[in-house]
Every structure is written in structure tokens, then in C-alpha cells.
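Reading the structure
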2 protein chains.
Amino acid sequence: MGSVVMHNVVSVDGFIADADDEVGPLFEWYGNGDVEIGAGCTVSKTSAAYVQPMWADLGVLVIGRHLFDLTNGWEGSPPAGEHVVVVSHRPRPEGWHPEASYFFVDDVARAVAKAGELAGDRTVGVAAGDVGGQALALGLVDEVAMDVVPVVFGSGKRYFGPVDSQHLLEDPHVVVQGDRVLHLRYKVRR
Amino acid sequence: MGSVVMHNVVSVDGFIADADDEVGPLFEWYGNGDVEIGAGCTVSKTSAAYVQPMWADLGVLVIGRHLFDLTNGWEGSPPAGEHVVVVSHRPRPEGWHPEASYFFVDDVARAVAKAGELAGDRTVGVAAGDVGGQALALGLVDEVAMDVVPVVFGSGKRYFGPVDSQHLLEDPHVVVQGDRVLHLRYKVRR
């Protein structure tokens with residue numbers, strides 16, 4: 001099984017959106033460069049060199065129902081990878097994009113396991129926030145990838161969601177400074 | 001007047017201590033190297049090269065009463081700089097180190113102004129947390145210095161304290177990877 005990477009863009013104080021789910025300046029770097037990387041994003045050369053291989057390696061995304069509802073599941077086309085596992089107590093909406101390889105699982109641990117089966121030796125991406133935080137607390141996350149944007153949010157939705165105890169990480173093995181974003185990636189210490 | 005730099009060691013999720021003021025792994029890098037930099041700290045060569053000139057340039061520290069009480073004001077010897085301004089509604093403790101150049105001011109804005117007078121063209125360091133967060137919200141902070149330690153805290157005392165609105169920073173002009181710490185420094189966008 002490939003590694004499980006928790007990921008999101010994040011403010012310097014650890015928020016992935018404000019209380020109303022607005023991302024504001026957090027997504028500026030997705031549009032401030034010349035290199036098209038898909039999903040409508042044009043980023044700097046530096047960011048592209050980091051993001052493109054990461055996206056290419058992603059086989060499956062694990063997301064929460066909240067993100068699914070916000071995006072309507074990207075209309076059945078995941079921004080990266082071929083499969084999506086949605087952590088939700090509610091089933092797949094009736095009639096929603098029957099062709100899409102989306103799975104609805106009511107438990108984070110089983111969702112990550114399902115994603116691992118689907119991914120084979122490719123990477124499982126877990127959305128930071130409530131789902132990612134639960135997965136980290138359960139010991140299911142191998143790496144933490146933070147695209148840190150130079151803005152203080154003050155309040156909002158937390159990158160680490162409901163995590164409420166300490167978890168050691170290794171020193172970052174990726175430190176890449178883009179334009180309005182600092183890409184950091186840490187292995188979780190076992 | 002020199003610049004006003006908000007500073008502290010911080011977890012990847014933005015905490016400077018747990019709810020009981022324990023810093024745990026946040027201070028490990030202060031003792032894991034070979035270079036003595038004063039205040040009982042021995043850090044890696046990489047961290048020393050960053051920290052030493054910063055400390056040397058600090059003229060005055062602005063701290064909260066909580067930190068003063070926790071450390072008993074470092075017994076009158078500030079860890080950096082020659083003067084300390086304590087933000088507090090309570091006066092200087094009677095008989096406490098009469099020789100020490102410590103000033104007690106009951107308002108953050110006036111404390112930073114007092115520190116600026118004392119500092120001349122040297123740097124004013126403002127402790128992150130409640131005092132630093134208030135100073136940032138008031139527009140009194142020029143730079144934000146974060147020594148980011150690879151640990152998730154989950155909860156505790158926030159680096160940005162009571163800040164509850166968005167503040168843009170510039171891209172970091174310092175990105176230095178030490179051993180169990182990533183030194184970042186951002187100018188506040190005006």
C-alpha cells in the first residue's frame with residue numbers, strides 16, 4: 001500500500017478556511033503563475049515542480065461529507081486521482097453521477113482502508129480538517145503536507161480538525177518556497 | 001525606531017504551549033546542538049547562525065504579566081536585550097530586583113511605544129501569545145518570527161493569541177531549516 005498523506009492549504013495559524021468556509025487569500029497561489037497544472041490552476045514554476053508529481057502520484061482522495069456537499073463532489077471528476085472515498089453517515093445521493101468512482105463510508109478508519117485498497121501502491125490523499133485530523137489521531141497518516149500561505153486567519157476551520165493531543169513529526173523533508181505559499185511536508189514520527 | 005518583531009517557538013498548528021504552559025518538545029532545539037548562544041542554550045550551527053544576530057540586535061522585550069510571573073522575570077536578567085516592558089495592570093512587585101531595567105505598563109500600545117523609546121534603533125521583540133496578538137491586531141508589529149517545531153499540539157496557548165481577523169504577511173524572507181525547528185520570518189504587509 002502507498003503512503004497516506006494528509007493535505008491542505010493552510011494559514012500560518014493553522015486554518016484551512018474561515019468559519020463560513022471562505023478560503024480568501026489561501027487559494028491565491030493556485031492562480032498566480034504561468035504553469036497550468038490542471039483543475040483550472042496556473043501556478044508558479046516552483047510550485048508546479050512540487051505539485052505536479054504529487055498530484056500525479058495520488059490515486060485516491062478521502063474527503064468529508066462537508067467538502068463533498070460544498071463542491072457537489074466536483075461533479076464526479078476528482079481534482080486528483082481516480083477515486084474518492086467520502087466519509088459520511090449519509091449514502092451516495094440518489095442519481096448523482098452514477099459513472100463516478102465515489103464510495104461512501106461511515107467511518108474514517110474504514111474509509112482510509114477502502115482508499116488503500118483502491119490506491120494499490122499509489123498515494124492516498126486525506127483532506128485535512130475533520131477527516132484528516134481524525135485519521136492522524138488514529139495513527140493512519142504517514143505524512144502531513146501543508147501549503148502554508150502567509151496570512152493570519154485568527155479563526156476558522158482548523159487544519160488538524162479535532163486533534164487534541166500531541167503528535168510528533170519528523171523534520172520536514174520538503175521545504176519549497178513558492179509565490180504566496182511555502183510547501184512543507186513532514187513524515188509522522190512512529 | 002528599529003522594527004518590532006513578534007516572536008516565539010510554535011507548533012505546526014500554532015500553539016506556543018499547552019493549556020498548562022508546558023512547552024514539551026517545542027524547546028528541544030534549544031539544547032540539541034553544540035553551539036552555546038547564551039541563556040543556557042546550545043543549538044545547532046544552522047540555528048545559531050540565525051538566532052545569534054537576531055538576539056544581538058534585540059534591545060527590548062515586551063512580554064505579558066503571565067510570562068513575567070512564570071519566570072519571575074528571569075530574575076531581572078532578560079534572555080536578550082537590556083530592557084523589558086511588562087504589560088500588566090498590576091505594578092512591579094515591591095522589592096523585586098530594584099536594579100533591573102523593567103517597566104510595567106498597563107496597555108499594549110503604550111508598552112510597545114515605551115519599548116521603542118528604550119530600543120533606539122535596535123529591535124523590539126514582542127512575545128507572541130496574548131501580548132503579541134494584541135500588538136499585531138493594533139498594527140504595531142513589523143515582522144512575525146516563528147520557530148516552527150515539527151509537532152502537532154492539538155490545543156493550548158495560541159501564538160497569535162486573541163487575533164480574530166485576517167492579516168496578510170509578505171512571503172517569508174527567512175526560511176532556515178535547523179534540527180527540530182524551521183525558522184521562518186515574515187514582514188507584515190502594510
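For clarity, every value in this text was computed on a predicted model and none was experimentally measured.

On to unusual backbone geometry, then. The backbone of A:Ala39 shows a phi angle near 55°, a positive value even though the residue is not glycine. Position of A:Ala39 relative to the elements: it lies in the loop between strand 3 (35-38) and strand 4 (41-43).

Ranked by size, the top nonpolar core spans 68 residues in total, and within it A:Val144, A:Phe160, B:Val144 and B:Phe160 carry the most contacts. Each residue touching A:Val144, except ones within four places of it in the same chain, is listed here: A:Met6, A:Leu136, A:Tyr159, A:Phe160, A:Leu169, A:Leu184, A:Arg185, A:Tyr186 and A:Val188. Among the nonpolar cores identified, the runner-up in size contains 33 residues, and A:Val5, A:Leu61, A:Phe68 and A:Val86 belong to it.

Glancing now at the pattern of salt bridges. Residues and elements named next belong to chain A. Applying the stated criterion across every chain, the model contains 18 salt bridges over all chains. We note a salt bridge from Arg-90 to Asp-69, for which the minimum N-O separation is 3.1 Å. Taken together, the residues span a long stretch of sequence, with Arg-90 in the loop between strand 6 (83-87) and strand 7 (102-105) and Asp-69 in helix 2 (residues 65-71) at a distance of 21 residues. Here Arg-90 falls in the partly exposed class, since its relative accessible area comes to 46%. Asp-106 serves as the salt-bridge partner of Arg-110, at 2.6 Å between the closest nitrogen and oxygen. With relative accessibility at 40%, the residue Asp-106 sits in the partly exposed group. Sharing partners across several salt bridges, the network here consists of Arg-65, Asp-69 and Arg-90.

Here helix 4 (residues 130-137) of chain B has its buried residues at B:Val131, B:Gly132, B:Gly133, B:Ala135 and B:Leu136. After helix 4 of chain B finishes, the residue B:Gly139 shows a positive phi value of roughly 80°.

All names here are of chain B. Read across the sheet, 8 strands follow the order 7-6-5-8-1-9-14-13 without closing on themselves; strand pairing throughout is mixed. The strands lining the two open edges of the sheet, one partner per strand, are strand 7 (102-105) and strand 13 (174-177). Strand-to-strand, the axes of this sheet are offset by a mean angle of 20°, without reference to chain direction. For strand 13 and strand 14 (residues 182-187), the ladder comprises 4 bridges, and the chain directions are antiparallel. Within strand 14, the residue paired with Val-174 across the bridge is Arg-185.

UniProt tags residues 4-179 of chain A as "domain: Bacterial bifunctional deaminase-reductase C-terminal" (unreviewed entry). Here residues 4-179 of chain A is 23% helix and 32% strand, with 27 Å between the C-alpha atoms at its ends.

Moving on to the relation of the copies chain B and chain A. The two copies are related by a screw operation: chain B maps onto chain A through 180° of rotation and 0.0 Å of translation along the axis, at an RMSD of 0.0 Å. On this basis, the relationship between the two copies can be described by a two-fold rotation axis.

Let us look at empty space enclosed by the protein. Applying the stated criterion across every chain yields a total of 1 cavity of 30 Å³ or more. By volume, the largest cavity is sized at about 140 Å³. Contributing to the lining of the largest cavity are 17 residues, with A:Val12, A:Met146, A:Val148, B:Val12 and B:Val148 lying nearest its centre. Listing elements by their share of the lining of the largest cavity, those giving two or more residues are strand 1 (4-11), strand 9 (143-149) and strand 14 (182-187) of chain A together with strand 1 (4-11), strand 9 (143-149) and strand 14 of chain B. Tallied by class, residues from the lining of the largest cavity come to 12 nonpolar, 4 polar and 1 charged.

What follows covers the interface of chain B and chain A. Every contact between the two is made by 35 residues of chain B and, on the other side, 35 residues of chain A. Taken together, the two surfaces of chain B and chain A that pack against each other cover about 2,900 Å², and 55% of this comes from carbon and sulfur. Interface area lost by chain B to chain A is led by B:Val152, B:Gln166 and B:Asp171, which between them contribute 21%. Summed over the shared surface of chain B and chain A, the result is 0 salt bridges. Run the count over chain B and chain A and you get 12 residue pairs in polar contact (both at pLDDT 80 or more). Here the element with the most residues in the side of chain B that touches chain A is strand 14 of chain B; it accounts for 3 residues. Its residues assigned to classes, the side of chain B that touches chain A shows 20 nonpolar, 7 polar and 8 charged. As defined by bridge partners, strand 10 (residues 151-152) of chain A adjoins strand 12 (residues 167-168) of chain B across 2 bridges and the pair is classed as antiparallel. Within strand 12 of chain B, the residue paired with A:Val152 across the bridge is B:His167.

Thresholds, definitions, all that
- Residues numbered from 1 in each chain as written.
- Chains lettered and ligands numbered in written order.
- Predicted model: local features only at pLDDT ≥ 70, side-chain atom pairs only at ≥ 80, totals over all residues.
- Heavy atoms only, no water.
- Helix = DSSP H or I, 4+ residues; strand = E, 2+ residues; numbered from the N terminus.
- Core = buried A, V, L, I, M, F, W, Y, C linked by side-chain atoms within 4.5 Å.
- Buried < 20%, exposed > 50% of the residue type's maximum accessible area, 1.4 Å probe, protein only.
- Contact = heavy atoms within 4.5 Å.
- Salt bridge = Lys/Arg side-chain N within 4 Å of Asp/Glu carboxyl O.
- Pairing = 2+ DSSP bridges.
- Axes fitted to C-alpha atoms, helices over the stretch in contact; angles between N-to-C directions.
- UniProt positions renumbered as here; feature names shortened; annotations may be inferred.
- Least-squares fit on C-alpha atoms with pLDDT ≥ 70 in both.
- 1 Å grid on protein atoms, 1.4 Å probe; cavity = no way out; pocket = protein on both sides within 12 Å on 5 of 7 lines; lining within 4 Å.
- Points joined across faces, edges and corners; volume = space filled by probe spheres on them.
- Nonpolar A, V, L, I, M, F, W, Y, C, P; charged D, E, K, R; others polar.
- Buried area = accessible area lost by both parts, 1.4 Å probe.
- Polar contact = N/O pair within 3.5 Å; in protein donor to acceptor, adjacent residues only side chain to side chain.

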